[in-house]
Amino acid sequence: MNTRFTKILATLTFGLAMLWGLSFIGTAVSHLTDDGAVCVQTGYWTNATLEGGLPVGEGVDASSSEARLCQNDPSTAQRAADLGGRLPWMLFASLALLLFSRLLDAVVTEGPFTDKTARRLTVLGWFVTAGTPLAGLAVGWSQSWLAASMVPMELSGPEISEPQVLILAGLAAVIMGKIMRQGVRMREDLEGTI
């Protein structure tokens, strides 16, 4: 195993985690002190007909897929909902990278097939598995509420945004962590009998 490469990767991952964390804090602070407009895209009017809005040829139907709504003088609640549409994924990425960096540190210090490495892989897997839908729900619901606050006829409710494919990666990490833990126990039992 190339420990030099793993050390470099662990350091790089930790640096990226800190960068995402600082970006999270900077975005939150700058956005709370900003007095600009807040905008949201909504698919409420998906496939709505655009009567005479576009110069299209004869026999062509034009429809809308998404609308972009902007509030020039947003309320505090609208500004918070706009932040809710941005910050959860940044926080999720920062914490996931931090957990991955800790996993790599365990690999460097103790080796890849140890109980500590298996536990850290399992923790990372559970974090990704649970954090992906939670972050998606926070973002989706914030954007839904923000759109409904701008257009009273649109309904606000729980929505999940962004692809949820990371759940599969998280579950794979949990399974691999459990397999590694069993392998560590079997090796310890074997060493104990010899």
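As a reminder, the structure under discussion sits directly above these lines.
Let me begin by describing the structure that accompanies this report. For clarity, every value in this text was computed on a predicted model and none was experimentally measured.

## Here we look at the packing of aromatic side chains
Moving on, step 1. In this structure the tally under the stated criterion is two aromatic pairs.
Moving on, step 2. Aromatic pair Trp89 and Phe92: ring centres 5.6 Å apart, planes at 90°, arrangement edge-to-face. With Trp89 and Phe92 both in helix H3 (residues 87–110) and three residues apart, the pair spans about one turn of that helix. As far as burial versus exposure is concerned, Trp89 and Phe92 are alike and both buried.
Moving on, step 3. Ring plane angle 15° and centroid distance 5.4 Å describe the contact between Phe92 and Phe127, whose orientation is recorded as stacked. Taken together, the residues span a long stretch of sequence, with Phe92 in helix H3 and Phe127 in helix H4 (residues 115–150) at a distance of 35 residues.
Moving on, step 4. Given a relative accessible area of 10%, Phe92 falls into the buried group.
Moving on, step 5. Cluster of aromatic residues (ring-pair linked, three or more members): Trp89, Phe92 and Phe127.

The rules behind each value
Residues numbered from 1 in each chain as written. Predicted model: local features only at pLDDT ≥ 70, side-chain atom pairs only at ≥ 80, totals over all residues. Heavy atoms only, no water. Phe/Tyr/Trp six-rings, centres within 6.5 Å; stacked < 30°, edge-to-face > 60°. Helix = DSSP H or I, 4+ residues; strand = E, 2+ residues; numbered from the N terminus. Buried < 20%, exposed > 50% of the residue type's maximum accessible area, 1.4 Å probe, protein only.

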